[in-house]
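Descriptive structure summary
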Amino acid sequence: MTGLNTILILLGLFLAGGVYSFAKQKQPMGVVVLLGICSLFCLAAGLLRVQGLWA
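In this text the structure is predicted, and so the values were computed from the model without any measurement.

**Examining unusual backbone geometry**
Phi is positive for Lys26, which is not a glycine, with a value near 60 degrees. Mapped onto the elements of the fold, Lys26 is located in the loop between α1 (3-24) and α2 (29-51).

**Concerning the nonpolar core**
Among the nonpolar cores identified, the biggest contains five residues, and these are Leu15, Val19, Val32, Leu35 and Cys42. Among the elements that take part in this core, α2 stands out by supplying three residues, more than any other. In contact with Val19, other than residues within four places in its own chain, are Val32, Leu35 and Gly36.

Scoring rules and cut-offs
- Residues numbered from 1 in each chain as written.
- Predicted model: local features only at pLDDT ≥ 70, side-chain atom pairs only at ≥ 80, totals over all residues.
- Heavy atoms only, no water.
- Helix = DSSP H or I, 4+ residues; strand = E, 2+ residues; numbered from the N terminus.
- Core = buried A, V, L, I, M, F, W, Y, C linked by side-chain atoms within 4.5 Å.
- Buried < 20%, exposed > 50% of the residue type's maximum accessible area, 1.4 Å probe, protein only.
- Contact = heavy atoms within 4.5 Å.

Everything listed is a geometric property; what it means functionally is a separate question.
Here's what the structure looks like:
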(Lines give C-alpha, C1' and ligand atoms only; values in the text may rest on other atoms or scores of the structure.)
Protein backbone atom coordinates (compact mmCIF):
# COMPACT_ATOMS: atom_id res chain seq x y z
CA MET A 1 0.00 0.00 0.00
CA THR A 2 1.21 3.43 -0.81
CA GLY A 3 0.89 6.46 1.41
CA LEU A 4 -2.21 7.84 -0.32
CA ASN A 5 -4.04 4.51 0.01
CA THR A 6 -3.28 4.41 3.70
CA ILE A 7 -4.37 8.01 4.21
CA LEU A 8 -7.67 7.47 2.36
CA ILE A 9 -8.49 4.32 4.34
CA LEU A 10 -7.58 5.89 7.68
CA LEU A 11 -9.56 9.04 6.88
CA GLY A 12 -12.56 6.90 5.96
CA LEU A 13 -12.31 4.99 9.24
CA PHE A 14 -11.92 8.25 11.19
CA LEU A 15 -15.05 9.66 9.53
CA ALA A 16 -16.92 6.41 10.22
CA GLY A 17 -16.09 6.87 13.90
CA GLY A 18 -17.45 10.41 13.63
CA VAL A 19 -20.68 9.06 12.17
CA TYR A 20 -21.07 6.70 15.12
CA SER A 21 -20.26 9.43 17.63
CA PHE A 22 -22.58 12.01 16.05
CA ALA A 23 -25.43 9.51 15.78
CA LYS A 24 -24.96 8.55 19.44
CA GLN A 25 -25.05 12.25 20.45
CA LYS A 26 -28.25 12.71 18.40
CA GLN A 27 -26.78 15.37 16.14
CA PRO A 28 -28.82 16.54 13.12
CA MET A 29 -29.38 13.70 10.64
CA GLY A 30 -27.99 15.78 7.75
CA VAL A 31 -24.57 15.95 9.40
CA VAL A 32 -24.58 12.22 10.11
CA VAL A 33 -25.55 11.39 6.52
CA LEU A 34 -22.94 13.77 5.08
CA LEU A 35 -20.19 12.25 7.22
CA GLY A 36 -21.35 8.77 6.25
CA ILE A 37 -21.18 9.57 2.55
CA CYS A 38 -17.71 11.11 2.93
CA SER A 39 -16.57 8.08 4.88
CA LEU A 40 -17.85 5.68 2.22
CA PHE A 41 -16.18 7.64 -0.57
CA CYS A 42 -12.82 7.70 1.24
CA LEU A 43 -12.93 4.00 2.07
CA ALA A 44 -14.02 3.06 -1.45
CA ALA A 45 -11.31 5.18 -3.07
CA GLY A 46 -8.63 3.74 -0.79
CA LEU A 47 -9.72 0.15 -1.35
CA LEU A 48 -10.05 0.60 -5.11
CA ARG A 49 -6.53 2.01 -5.21
CA VAL A 50 -5.23 -0.97 -3.18
CA GLN A 51 -6.85 -3.38 -5.65
CA GLY A 52 -5.35 -1.47 -8.58
CA LEU A 53 -8.73 -0.72 -10.11
CA TRP A 54 -8.33 3.03 -9.87
CA ALA A 55 -5.15 4.93 -10.68
